[in-house]
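Observations on chain architecture
Listed below are the residues making up each chain.
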Amino acid sequence: MTAPTLAFFTRLLDDASPAERYRLATEQIQHAERFGVGRAWVAQHHFRAAEGGLPSPFVFLTHVGAHTATIRLATGIITLPLEDAVKVAEDSAVADLLTGGRIDLGIGSGGTPSSFLPFGQDPANKAVVFDEKLAVLRGAYRGDELPGSNHLYPAAPHLDARIWQATFSAFGGARAGAAGDGLLLSRTQPRPAENRTASLAEIQVPIIEQYQDALPAGTTPRVTASRTIFVADSREDALRFAEVGLTRAVAGFRRQGQGIIGDTLVDYIRGTDTHLGTPDEVAESLAADATLQHATEIAFQVHSVDAPHEHILRSIELFATEVAPQLGWATTEPVLAGARQENA
């Protein structure tokens, strides 16, 4: 199997005002580009600043595209049941043109149940609505006639081949595979009640297998595995930031009904599937994650450690230059001289 490539993932959770969050996230993506990271994923979240700071990802990605040169820019994810599918097609088509063809579209049925209400949606119906809107989105990309004898403008048939589906289930993996889409796997996910100590690989490898089995013949698999990875110059630094961020994250998971076993920092690190420490320690931890042997892309994120900005930049650098090479993971050619760095 070809070595997986690297991606940077952000939920824009820096402890700052909205404008500052967007500025810092832009700098982090620029920094990732400088060290050969090939794609940046940004999460969409509505209403709750503590969960994520970005309701309009195409607006932000278009801005980032003006301040970078080569890094691909992706939504991870658009909560499709909350969107107008034709508007998603239009916004992504314009963003793709303005960024020089660098947009990828991650979608899912998501997200926080209370966020559905302002959009007039019932979260209980999200799976059915997702399927309906995905069909409209694909049709718009493919040039199908829309109501009123309309067609998508600007045309974007190529975006149909750049869709990724996020899922927690083997059924979702098969659905993504049958469509020939990419598969997005989460950094962590709930364990089944009957096996609360299951490894993340025990849950996610079967999803990948269903995905691969469903792929049409001749289709190249695209599997992005997101992981919480925080690399520091010392383990003490990593633990210091993790204690604050993971304690907060575990409390949030428990409020949502997700069981995290134990009450020590070590328990929290294990229960949130976090990889942290020095480069050697992180490389050893990641090497034990069997899911990653099946991934075509590793998307690393600092959340839920949520370290300060300068430490996120350092983590990006250490991961790209010291951790990834130990594991044989591929960076693109760094663009230190070519990236536009007006805000750097």
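Structure first, text after, so check above.
Remember, it's a predicted structure, so these values are computed and weren't measured experimentally.

1. A look at the pattern of salt bridges
This model, assessed by the stated rule, comprises 20 salt bridges. As a salt-bridge pair, E20 and R23 come within 2.6 Å of each other at their nearest N and O atoms. Taken together, the residues E20 and R23, both in helix α1 (residues 18-34) and 3 residues apart, mark about one turn of the helix. R39 is the partner of D104 in a salt bridge, and the nearest nitrogen-oxygen pair spans 2.7 Å. Remark: R39 occurs in strand β2 (residues 39-42) and D104 occurs in strand β4 (residues 103-108); sequence separation between them is 65 residues. Judged by relative accessible area, which is 4%, D104 ranks as buried. Its relative accessible area of 12% is what places R39 among the buried residues. Put simply, R39, R72, D104 and E297 are held in one network by salt bridges that share partners.

2. Details of the packing of α1 against helix α10 (residues 309-327)
The interhelical angle for the contact between α1 and α10, taken along N-to-C directions, is 20°, at an axis separation of 9 Å. By the criterion of interaxial angle, the relationship of α1 to α10 is roughly parallel. Handedness of the crossing formed by α1 with α10: right-handed. Residue-level contacts link L24, E27, Q28, H31 and A32 of α1 to H309, I312, L313, I316 and E317 of α10. Looking at the contact of α1 with α10 residue by residue, the classes come out as 5 nonpolar, 3 polar and 2 charged.

3. Quick notes on the nonpolar core
Counting 69 residues, the largest nonpolar core has I29, F60, L105, Y141, F230 and F319 as its most contacted members. Here this core gets 7 residues from one element, more than from any other, and that element is helix α7 (residues 235-255). If we ignore the near neighbours within four places in the chain, the residues touching F60 are L12, Y22, A25, T26, I29, V42 and L54. Within the second largest apolar cluster, 9 residues are counted, among which are A7, A43, L184 and A299.

Conventions and cut-offs
- Residues numbered from 1 in each chain as written.
- Predicted model: local features only at pLDDT ≥ 70, side-chain atom pairs only at ≥ 80, totals over all residues.
- Heavy atoms only, no water.
- Salt bridge = Lys/Arg side-chain N within 4 Å of Asp/Glu carboxyl O.
- Helix = DSSP H or I, 4+ residues; strand = E, 2+ residues; numbered from the N terminus.
- Buried < 20%, exposed > 50% of the residue type's maximum accessible area, 1.4 Å probe, protein only.
- Axes fitted to C-alpha atoms, helices over the stretch in contact; angles between N-to-C directions.
- Parallel < 35°, antiparallel > 145°, perpendicular 65-115°, else oblique.
- Left-handed = near helix turned anticlockwise from the far one by under 90°.
- Contact = heavy atoms within 4.5 Å.
- Nonpolar A, V, L, I, M, F, W, Y, C, P; charged D, E, K, R; others polar.
- Core = buried A, V, L, I, M, F, W, Y, C linked by side-chain atoms within 4.5 Å.

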